[in-house]
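What the coordinates show
Chain residues, written in single-letter form:
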Amino acid sequence: MSSATVSCNFPFSHIYVEKAVLDHPRTKAILARFSKSRVIEIGHYKDVFNRPRQSFTLQKTSPSLILAENTGASVFPGAPVCQDFGYDHFYYTSSCRNCIFDCEYCFLRGMYGSADVVVFVNLEDAFSEVEKLLSKHPVYLCVSFDTDLIALENLTGYVSEWAEFTKEHPDLTIEIRTKSFRKDIFQKIPSCDRVIFAYTLSPKEVIEKFEKRTATLPERLSAASCAMDKGFPVRLCFDPVVYFPDWKNACTEMVAEVKNSIDLSRIKDVSIGTFRISSEYIKKLRKGLPGSPICQFPFENHGGVMEYPDLIRKDMENTLVTLLQSLISQEKIFLATF
Ligand code: SF4
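Read on for a plain summary of the structure. (Residues numbered from 1 in each chain as written. Predicted model: local features only at pLDDT ≥ 70, side-chain atom pairs only at ≥ 80, totals over all residues.)

1. Quick look at the overall build of the chain
- Secondary structure assignment for the chain yields 13 helices and 18 strands.
- For 338 residues, the compact-globule estimate of 2.2 N^0.38 gives 20 Å, and the C-alpha radius of gyration of the chain, at 19 Å, lies within 12% of that figure.
- Structurally, the chain occupies a C-alpha span of about 55 × 45 × 40 Å along its principal axes.
- When burial is assessed residue by residue, the chain has 43% of its 338 residues classed as buried.
- Taking as baseline every contact in the chain between residues at least 6 positions apart, the subset at least 24 positions apart corresponds to 78%. (Helix = DSSP H or I, 4+ residues; strand = E, 2+ residues; numbered from the N terminus. Rg over C-alpha atoms; globule rule 2.2 N^0.38 Å. Buried ≥ 20, exposed ≤ 12 C-beta atoms within 10 Å, placed from the backbone. Contact = placed C-beta atoms within 7 Å.)

So, in structure tokens, the structure goes:
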């Protein structure tokens with residue numbers, strides 16, 4: 001299924017709303033879009049989100065929406081398994097939790113017990129936290145970290161809000177990572193060379209089998225071209241590269257398609273990283289998806305991070321680097337190492 005079919009009309013049949021945010025303007029705007037959903041008032045989002053014995057896999061087929069206030073921190077230092085692209089002060093923020101796309105290898109399956117989508121409506125508090133950091137040093141911030149923010153744009157408008165906030169703060173650079181096809185967003189927001197749109201690219205076989213509801217490879221590349229046409233820097237993320245028997249041919253075909261579809265001289269940079277995940281998260285993924293070839297792979301545990309054995313990992317990395325080196329200058333290629 002293409003993301004086109006879900007990004008606007010994803011049926012949240014049940015919407016849980018914290019009492020404290022019932023009258024929040026964002027709550028009202030969101031509820032107005034879902035007049036047919038059943039709205040249930042709750043005390044705290046964790047009463048629903050953290051309920052014991054939930055099935056992430058089952059919920060994923062029909063998640064509920066939870067509207068809440070984030071009363072804790074919402075900006076965090078970047079995780080070691082993520083790339084910092086040379087920025088000294090690397091953070092991520094979590095204004096939404098969970099994703100309407102459905103990637104089999106998604107770390108959110110291991111991070112959360114619930115597949116329900118949480119939207120924190122008090123975005124201004126995240127802005128304040130970022131401003132406090134900006135008073136000390138420049139900030140590089142991933143705003144689409146534990147969700148795909150573009151896929152939720154019709155619901156939240158948060159991509160637009162982060163882009164406008166970034167435009168007003170010259171020491172802030174944000175990355176918006178996505179597997180979405182959407183292009184209309186680039187008409188809505190002011191162009192800014194500090195708003196980086198980062199497209200995760202995978203071979204056709206991986207998208208079809210393991211990245212349900214996401215955009216096709218041509219759709220992602222077309223959206224990336226559109227972003228560059230509108231003056232935004234674009235990053236191509238070959239990350240995670242997933243192992244399967246025909247991965248080498250599939251990756252070669254993918255890079256050929258990239259080369260034929262996009263002007264690579266205009267790309268800001270590319271990242272390469274093989275699939276990796278915390279040893280704690282993989283336990284939950286394996287339990288929830290016993291038939292998944294990705295999750296059941298016999299990974300090696302390197303200091304709490306599950307990775308492909310060195311021979312496979314290096315072969316995959318070297319293959320991607322070699323394929324891309326002939327197309328993009330070396331200093332624009334970032335390889336995930338930690
Ligand atoms: S797009 Fe990203 S956040 Fe969404 S399901 Fe896929 S891996 Fe997870």
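2. Considering the site of the ligand
- Close contacts around the ligand come from Cys 99, Phe 101, Asp 102, Cys 103, Cys 106, Leu 108, Thr 147, Asp 148 and Lys 179, and that covers them all.
- Its residues placed into classes, the shell around the ligand shows five nonpolar, one polar and three charged. (Near = placed C-beta within 6 Å. Nonpolar A, V, L, I, M, F, W, Y, C, P; charged D, E, K, R; others polar.)

3. Topic: the nonpolar core
- One finds Ile 66, Val 119, Leu 141, Ile 176 and Leu 236 to be the most contacted residues of the largest nonpolar core, which totals 94 residues.
- What Leu 236 contacts, discounting residues up to four positions off in sequence, is Tyr 199, Leu 201, Ala 224, Val 258, Ile 267 and Val 270. (Core = buried A, V, L, I, M, F, W, Y, C linked by C-beta atoms within 7 Å.)

4. Quick notes on the sheet that holds strand 15 (residues 276-278)
- One open sheet accounts for three strands, arranged 15-17-16; its pairing is antiparallel. Among the strands making up the open sheet, the edge pair consists of strand 15 and strand 16 (300-302). For this sheet, the mean inter-axis angle between neighbouring strands, taken without regard to orientation, is 35 degrees.
- In the packing of helix 12 (residues 279-288) onto the sheet, contacts are made with strand 15, strand 16 and strand 17 (305-307), and the angle to strand 15 comes to roughly 95 degrees. (Pairing = 2+ DSSP bridges. Axes fitted to C-alpha atoms, helices over the stretch in contact; angles between N-to-C directions.)

5. Here's the deal with the sheet that holds strand 8 (residues 117-120)
- Taken together, the five strands give an open sheet; going across it, the order is 2-1-3-8-6, and neighbouring strands pair in mixed fashion. Two strands in the sheet have a free side with no partner beyond their single neighbour: strand 2 (38-42) and strand 6 (96-97).
- Sheet topology places strand 1 (residues 14-18) next to strand 2; five bridges connect them, and they run parallel. Note on strand 2: the bridge partner recorded for Ile 15 is Val 39.

6. Some words on the pairing of strand 8
- The alternating pattern of strand 8 places Val 117 and Val 119 on one face and Val 118 and Phe 120 on the opposite face, and all of these are buried.
- Sheet analysis places strand 3 (residues 65-68) next to strand 8, joined by four bridges and oriented parallel. Bridge pairing links Ile 66 to Val 118 in strand 8.
- In terms of strand pairing, strand 6 meets strand 8 through two bridges, oriented antiparallel. Residue pairing in the sheet places Arg 97 in a bridge with Val 118 of strand 8.

7. Some points on the packing of helix 10 (residues 217-229) against helix 11 (residues 247-261)
- Where helix 10 meets helix 11, the axes come as close as 10 Å, and the angle between the chain directions of the two elements is 35 degrees. Between helix 10 and helix 11 lies a crossing whose hand is right-handed. Contacts from Leu 217, Pro 218 and Leu 221 in helix 10 reach Met 254, Glu 257, Val 258 and Ser 261 in helix 11.
- The class makeup of the residues in the contact of helix 10 with helix 11 is five nonpolar, one polar and one charged. (Left-handed = near helix turned anticlockwise from the far one by under 90°.)

8. Side note on the environment of Phe 334
- With respect to the element layout, Phe 334 can be found in strand 18 (residues 333-335).
- In sequence terms Phe 334 and Phe 56 are 278 residues apart; their C-alpha atoms lie 33 Å from each other.
- With residues up to four places along the chain from it excluded, the contact list for Phe 334 reads Gln 83, Phe 85, Asp 269 and Ser 271.

9. Describing the environment of Ser 265
- By the secondary structure assignment, Ser 265 is in the loop between helix 11 and strand 14 (269-274).
- Assessed through the 8 C-beta atoms surrounding it within 10 Å, Ser 265 is described here as exposed.
- As for Ser 265 and Leu 327, which are separated by 62 residues in sequence, their C-alpha atoms are 8.3 Å apart.

All quantities given are derived from atomic positions and should not be read as evidence of function.
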